[in-house]
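Single-letter residue listing:
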Amino acid sequence: MDKIKNEYFIIGRNPVLEALRAHYPIRLVIIQEGIDLKENILNAILTHTRKNEIQVLFREKNWFDRRFKIMNHQGVIAVGAPYEYKDISELKIKKNSLILILDRIQDPQNLGAIVRAAECAGVKDIIIQERESCEVTETVMSISSGAVFHVNIYKVSNLAQAISELKENRVWIVGTDLNAKDLYFEIDYKNHPFAFIMGNEGDGVRKGLLKECDYVVKIPMRGRVNSLNVSVATGIILFKAFEEKLKNGEYK
Ligand SMILES: C[S@@+](CC[C@H](N)C(=O)[O-])C[C@H]1O[C@@H](n2cnc3c(N)ncnc32)[C@H](O)[C@@H]1O
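What counts and how
- Residues numbered from 1 in each chain as written.
- Predicted model: local features only at pLDDT ≥ 70, side-chain atom pairs only at ≥ 80, totals over all residues.
- Heavy atoms only, no water.
- Axes fitted to C-alpha atoms, helices over the stretch in contact; angles between N-to-C directions.
- Helix = DSSP H or I, 4+ residues; strand = E, 2+ residues; numbered from the N terminus.
- Parallel < 35°, antiparallel > 145°, perpendicular 65-115°, else oblique.
- Contact = heavy atoms within 4.5 Å.
- Domains from an automatic or database assignment.
- Buried area = accessible area lost by both parts, 1.4 Å probe.
- Salt bridge = Lys/Arg side-chain N within 4 Å of Asp/Glu carboxyl O.
- Polar contact = N/O pair within 3.5 Å; in protein donor to acceptor, adjacent residues only side chain to side chain.
- Nonpolar A, V, L, I, M, F, W, Y, C, P; charged D, E, K, R; others polar.
- Buried < 20%, exposed > 50% of the residue type's maximum accessible area, 1.4 Å probe, protein only.
- Pairing = 2+ DSSP bridges.

Novice: Can you explain the packing of helix α4 (residues 108–120) against helix α8 (residues 230–247)? Please cite residues and give values.
Specialist: Look at α4 against α8: their axes get within 8 Å of each other, and the N-to-C directions meet at 10°. Comparing the axis directions of α4 and α8 gives the class roughly parallel. Residue-level inspection shows Asn110, Ala113, Ile114, Ala117, Ala118 and Cys120 of α4 in contact with α8, the latter providing Val230, Ser231, Thr234, Gly235, Leu238 and Phe239.

Given below as structure tokens:
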């Protein structure tokens, strides 16, 4: 069994289940022979494949280990269509929207962890720049635990332009920078849509983008290391905004 040109392997139990739950186009699911099919996630995967008439094949453990040695395949993979980015014109803004803008994230492990944290905080829309950014790869799908299938990812040629359009639509823009004066918990996140800009692992958010922000914030730190991993910083800031909106009754 091989994938056809441009198809993707979705690797691991949760990523496969989330892809199925999100109705992501999947052609085939492959399960390791001998594993317990009554286990909750597997049972749910099989329910989806039956309902949607998706073919299921069984293969030996060796087959999985040979092909997916470096990934934690957990005895389940799916063969799906290439990841579909959305067009920025489809982005719908609500009063409680939390939007994420990623300024040239390079590492697939980071992108996967960012998407997972963002989706858990209720983010529906993530904007990335076409050039110099990590794409949604099989690693990103797996590390995100399938969260990539529940968010819209927009690839744009110019982040400054996307930010300007969000501002025209009354979205408040929050940049992040290690040298910011404002602290992330000093901002009032209630009653407005917000977009957060997280920066490249090496040189952070570009100065030109920071100039366009309504706020620039930092997470205060006490340790000796100079910065947090970008996925951790994303989780801290997004969950603060989410918490305020939740307490404010913005999610019905
Ligand atoms: C590893 S850091 C970049 C460090 C880079 N040397 C710099 O000077 O910005 C990557 C991204 O994580 C986020 N980040 C990490 N630590 C942060 C902090 N303490 N406050 C705010 N954002 C932080 C920011 O979005 C930053 O651009």
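Novice: Tell me about the domain arrangement of the chain, residues and numbers included.
Specialist: According to the domain assignment, the chain consists of domain 1 (3–80) and domain 2 (88–247). Averaged C-alpha coordinates put domain 1 and domain 2 at centres separated by 30 Å. Summed over both sides, the interface of domain 1 with domain 2 buries roughly 1,000 Å², with 65% coming from carbon and sulfur. Counting across the domain 1 and domain 2 interface gives zero salt bridges. Across the domain 1-domain 2 interface, the total number found is three residue pairs in polar contact (both at pLDDT 80 or more). Contributions of two or more residues to the side of domain 1 that touches domain 2 are made by β1 (8–11) and α1 (13–21). With five residues, the top contributor of residues to the side of domain 1 that touches domain 2 is α1. When the residues that make up the side of domain 1 that touches domain 2 are grouped by side-chain class, the tally is nine nonpolar, one polar and four charged.

Novice: Quick one: what's the story with the pairing of strand β8 (residues 172–176), residue by residue and with numbers?
Specialist: In terms of burial, β8 is a largely internal element, four of the five residues being buried. Note: β8 against strand β10 (residues 194–199), four bridges, orientation parallel. When the bridges of β10 are listed, Trp172 appears paired with Phe194. Bridge count for β8 against strand β11 (residues 215–218) is three bridges, and the pairing is parallel. Following the sheet pairing, Gly175 is matched in β11 by Val216.

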